Amino acid sequence: MQRAGSSPSEDAIAESMMPGRTDAVRQIFEAQGARPPLVSWSPRQALLHHPLLERFADQCRAVAADDARLWLDRLDLEAFAALRDWMMVVDVVEDGRDFIYAHYGRAIAEHYGHDMTGAATSAFGGHISAFFTGLYRAALVRQEWVLSEHEPPRSVFVRCWRRLIVPVFVPGPKVARFVALNIAENELKAGLDMLPDPVFVLDRALQVMYANGAAREIFRPRTSAPGVLSFEELTGQTLDPDASPIELLGGRQVRDRIEINLGDKITEPVMVTINGVLYRDQALYAVSLRLLSPDLPAD
């Protein structure tokens, strides 16, 4: 029996993944102020709602055996090469005691902030570990495809993760691993990545939650440091906004001209613009860097 005030066990969460039994998984997400996840077993193609998920499902069907199962001895991961950045390969450990990421796609790692290759689902910690482990345990029992959608912690710059999990069998039949496609949905990120200038999204403590493509290209050598980086650690420059992100939501901008090292000891003049942006009901800083000609004044 579960003690009053305690969190559900991973086994209880796995049980709650079954149709009609969602109390445990709903409880752990609501305790974190997040929407309960959606879980759909043997989902129809029409429920996937994303071209990459649809392509992944089609590819899994194409390489499946006559019994519609994916078998480990005939699974060629090269067939999924075009989807590799969004794919995960998850190995079953000790009949479901834990699950290890044998492959963790580059795009997933960039959104999450860490490459989890070689790590276990239990390494995430908190309610996310319980959800992931419980979900894979349920899939291990049901031996079915499963589609899930959940909100990550607010420190992750993703509105929601949508993943399609497909079991891979060995004789028995027994599930030995899973292949999954894991898509990060974030409309704001898509817009930021279209911008030619480096843009960072920072929390109130000036920790980098997201860097767009232009920013990652310039500052990539510094992103290898473990853990969360501050703007200063990533760029080598201090940032001292004179307003909170909530105050900047009203349209006020903080602007400054600085000299910044862009790598290889090349220093360039940069116009820094700081705005407020609302994302998942929290106010954040959006910091853009525009390279200036050293002979021209700032606007």
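Source: prediction; values computed, not measured.

(A) Expanded view of the nonpolar core. Judged by nonpolar contacts, the single largest core of 63 residues is most densely connected at Phe 56, Leu 70, Leu 164, Phe 178 and Val 179. With nine residues, helix H5 (residues 126–142) is the single largest residue contributor to this core. Counting residues in hydrophobic clusters, the runner-up holds 20 residues, among them Ala 243, Leu 248, Val 270 and Leu 289.

(B) Up close: a nonpolar patch on the surface. On the surface, Ile 246, Leu 249 and Leu 278 cluster together into a nonpolar patch covering about 290 Å² of accessible area. We classify Ile 246 as exposed; its relative accessible area is 55%.

(C) Spotlight on the pairing of strand S8 (residues 199–202). Burial of the side chains of S8 extends over both faces: Val 199 and Val 201 are buried on one face and Phe 200 and Leu 202 on the other. Sheet analysis places S8 next to strand S12 (residues 282–291), joined by four bridges and oriented antiparallel. Bridge pairing in S12 links Leu 202 to Tyr 285. Sheet topology places S8 next to strand S9 (residues 208–211); three bridges connect them, and they run antiparallel. Pairing of Phe 200 across the sheet is with Ala 211, part of S9. Linking S8 back to S9 in an antiparallel pair, the connection comprises five residues, with Leu 206 at a positive phi of about 65°.

(D) Spotlight on empty space enclosed by the protein. A complete count under the given rule lists one cavity of 30 Å³ or more for this structure. Considering only enclosed or pocket space, the largest cavity measures out at about 40 Å³ in volume. Lining the largest cavity, in full, are Leu 77, Phe 80, Arg 84, Met 87, Val 89 and His 103. When the residues that make up the lining of the largest cavity are grouped by side-chain class, the tally is four nonpolar, one polar and one charged.

(E) Examining helix H3 (residues 51–63) more closely. Taking 1.5 Å of rise per residue, the 13 residues of H3 would be expected to cover 18 Å, and the 19 Å separating its terminal C-alpha atoms lies within 8% of that figure. The complete set of buried residues in H3 reads Leu 53, Phe 56, Ala 57, Cys 60 and Val 63. Burial along H3 is one-sided: seen end-on, the buried residues are contained in an arc of 135°. Opposite the buried face of H3, at more than 90 degrees from it, the exposed residues are Pro 51 and Ala 62. In this structure, the buried residues of H3 make contact with strand S2 (70–71), strand S3 (87–93), strand S5 (146–150), strand S6 (160–170) and strand S7 (174–185).

(F) Layout of the environment of Pro 173. In this structure, Pro 173 sits in the loop between S6 and S7. With relative accessibility at 34%, the residue Pro 173 sits in the partly exposed group. Each C-alpha atom of the pair Pro 173 and Gln 143 lies 9.5 Å from the other, and the pair is 30 residues apart in sequence. Discounting residues that sit within four places of it in the chain, Pro 173 has contacts with Arg 69, Trp 71 and Gln 143.

(G) Examining the confidence of the model for the protein more closely. Summary statistics for the protein give a mean pLDDT of 83 and a share of 83% for residues scoring 70 or more. Below pLDDT 50 for its whole length, residues 1–5 participates in three contacts with residues either more than four positions away or in separate chains. In this model, residues 222–226 is a region of pLDDT below 50 whose contacts with residues beyond four sequence positions or in other chains number eight contacts.

(H) A look at the layout of surface pockets. If you add up the space inside the second largest pocket, you get close to 270 Å³. Considering the residues around the second largest pocket, the lining is formed by 13 residues, among which Gly 33, Glu 151, Pro 152, Arg 154 and Arg 280 are closest to the centre. In the lining of the second largest pocket, the residues fall into four nonpolar, three polar and six charged.

(I) The arrangement of unusual backbone geometry in detail. Here the bond from Gly 172 into Pro 173 is cis, since omega is -15°, no more than 30 degrees from zero. Located in the positive-phi region is Ser 42, a residue other than glycine, with phi close to 45°. Note on placement: Ser 42 falls in the loop between strand S1 (38–41) and H3. The backbone of Asp 95 shows a phi angle near 55°, a positive value even though the residue is not glycine. Here Asp 95 shows up in the loop between S3 and strand S4 (98–104).

(J) Focus on the packing of aromatic side chains. In the structure shown here, the tally under the stated rule is twelve aromatic pairs. For the pair Trp 71 and Phe 169, a centre-to-centre distance of 5.9 Å together with 45° between the ring planes defines the contact as tilted. One end of the pair, Trp 71, is in strand S2; the other, Phe 169, is in strand S6, and 98 residues separate them in sequence. Plain terms: the ring middles of Tyr 101 and Phe 124 are 6.0 Å apart, the flat faces sit at 80° to each other, and that makes the pair edge-to-face. Highlighted residues: Tyr 101 in strand S4 and Phe 124 in the loop between helix H4 (106–112) and H5, separated in sequence by 23 residues. On the basis of relative accessible area, Tyr 101 is assigned to the buried category, the value being 1%. Among the residues examined, Phe 124 registers a relative accessible area of 16% and is labelled buried. Taken together through their ring pairs, the aromatic side chains of Phe 29, Tyr 101, Tyr 104, Tyr 112, Phe 124, Phe 131 and Phe 132 make up a single cluster. In this structure, Arg 142 is placed above the aromatic ring of Trp 41, and the distance from its NZ or CZ to the ring centre is 4.6 Å.

Thresholds, definitions, all that
- Residues numbered from 1 in each chain as written.
- Predicted model: local features only at pLDDT ≥ 70, side-chain atom pairs only at ≥ 80, totals over all residues.
- Heavy atoms only, no water.
- Core = buried A, V, L, I, M, F, W, Y, C linked by side-chain atoms within 4.5 Å.
- Buried < 20%, exposed > 50% of the residue type's maximum accessible area, 1.4 Å probe, protein only.
- Helix = DSSP H or I, 4+ residues; strand = E, 2+ residues; numbered from the N terminus.
- Patch = residues over 30% accessible without salt bridge, like charges linked within 9 Å, V, L, I, M, F, W, Y side chains within 5 Å.
- Areas by Shrake-Rupley, 256 points an atom, 1.4 Å probe, with all protein chains shown as cover.
- Salt bridge = Lys/Arg side-chain N within 4 Å of Asp/Glu carboxyl O.
- Pairing = 2+ DSSP bridges.
- 1 Å grid on protein atoms, 1.4 Å probe; cavity = no way out; pocket = protein on both sides within 12 Å on 5 of 7 lines; lining within 4 Å.
- Points joined across faces, edges and corners; volume = space filled by probe spheres on them.
- Nonpolar A, V, L, I, M, F, W, Y, C, P; charged D, E, K, R; others polar.
- Expected span 1.5 Å × (residues − 1).
- Arc of directions from axis to C-beta.
- Contact = heavy atoms within 4.5 Å.
- pLDDT = per-residue confidence, 0-100.
- Phe/Tyr/Trp six-rings, centres within 6.5 Å; stacked < 30°, edge-to-face > 60°.
- Lys NZ or Arg CZ within 6 Å of the ring centre and 35° of its normal.

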